[in-house]
Amino acid sequence: MPHCLIPNCTNNAEHNLGIRCRRPNTTAIWAPNCDAYLCDDHADQGFIIDITLTPNDSGLITTNVSAGGSPASRTTPINHGSIE
């Protein structure tokens, strides 16, 4: 099981952060998990989340998540066939 993303937290973490872009009918255009995890204690505490979007023409979604420590990064393809 992964450890919590919060620096100096050694708790096991089972809550995977994700981000989603939804159509008006609520189906997802893309919805990757970020490969960044929080423990129960930190998932319940509340957060300020800053999002920076950088457009590109790659057909990929790259997420970079950091809580002041080492970032968690993941790249996934946009796959309309599996999420519509």
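That block above? That's the structure.
Residues numbered from 1 in each chain as written. Predicted model: local features only at pLDDT ≥ 70, side-chain atom pairs only at ≥ 80, totals over all residues. Heavy atoms only, no water.

Observations concerning the overall build of the protein chain
Point 1. A tally of regular secondary structure across the protein chain gives two helices and six strands.
Point 2. Seen through its principal axes, the protein chain has C-alpha atoms that stretch 40 × 25 × 25 Å.
Point 3. Here the protein chain, with 84 residues, has 23% of them falling under the buried criterion.
Point 4. Long-range pairs, those at least 24 residues apart, make up 49% of the contacts in the protein chain between residues at least 6 apart in sequence. (Helix = DSSP H or I, 4+ residues; strand = E, 2+ residues; numbered from the N terminus. Buried < 20%, exposed > 50% of the residue type's maximum accessible area, 1.4 Å probe, protein only. Contact = heavy atoms within 4.5 Å.)

Examining the environment of Cys4
Point 1. The topology assignment puts Cys4 in the segment before strand E1 (15-18).
Point 2. According to the relative accessible area criterion, Cys4 is buried, its value standing at 7%.
Point 3. Along the sequence, Cys4 and Trp30 sit 26 residues apart, while their C-alpha atoms lie 25 Å from each other.
Point 4. Discounting residues that sit within four places of it in the chain, Cys4 has contacts with Cys9, Asn11, Ala13, Tyr37, Leu38, Cys39 and His42.

Focus on the environment of Tyr37
Point 1. With respect to the secondary-structure elements, Tyr37 resides in strand E4 (residues 33-38).
Point 2. Expressed as a C-alpha distance, the spacing of Tyr37 and Pro2, which sit 35 residues apart in the sequence, is 6.9 Å.
Point 3. Excluding residues that lie within four positions of it along the chain, Tyr37 makes contacts with Pro2, His3, Cys4, Leu5, Ala13, Glu14, His15 and Asn16.
Point 4. There is a polar contact of 3.5 Å between the side chain of Tyr37 and the side chain of Asn16. (Polar contact = N/O pair within 3.5 Å; in protein donor to acceptor, adjacent residues only side chain to side chain.)

Focus on a negative patch on the surface
Point 1. On the surface, Glu14, Asp40, Asp41 and Asp44 cluster together to form a negatively charged patch.
Point 2. For Asp41, the position within the fold is in helix H1 (residues 40-43).
Point 3. For Asp41, a relative accessible area of 57% gives the class exposed. (Patch = residues over 30% accessible without salt bridge, like charges linked within 9 Å, V, L, I, M, F, W, Y side chains within 5 Å. Areas by Shrake-Rupley, 256 points an atom, 1.4 Å probe, with all protein chains shown as cover. Salt bridge = Lys/Arg side-chain N within 4 Å of Asp/Glu carboxyl O. Lys, Arg positive; Asp, Glu negative; His and termini not counted. Charge placed at Lys NZ, Arg CZ, Asp CG, Glu CD.)

Comments concerning the side chain of His42
Point 1. For His42, the position within the fold is in helix H1.
Point 2. You can call His42 buried: its relative accessible area is 15%.
Point 3. Those residues in contact with His42, other than ones at most four positions away along the chain, are Cys4, Ile6, Cys9 and Phe47.

Some points on the side chain of Thr76
Point 1. Position of Thr76 relative to the elements: it lies in strand E6 (residues 72-77).
Point 2. A residue is classified by how much of its surface remains accessible, and Thr76, at 14% relative accessible area, is buried.
Point 3. Residues in contact with Thr76, not counting those within four places in the same chain, are Pro32, Leu60 and Ile61.

Some words on the nonpolar core
Point 1. Counting 11 residues, the largest nonpolar core consists of Cys4, Leu5, Ile6, Cys9, Ala13, Cys34, Ala36, Leu38, Cys39, Val65 and Ala72.
Point 2. In terms of residues, this core owes the most to one element, E4, which gives three residues.
Point 3. Setting aside chain neighbours within four positions, we find Ala36 in contact with Leu5, His15, Asn16, Leu17, Val65 and Ala72. (Core = buried A, V, L, I, M, F, W, Y, C linked by side-chain atoms within 4.5 Å.)

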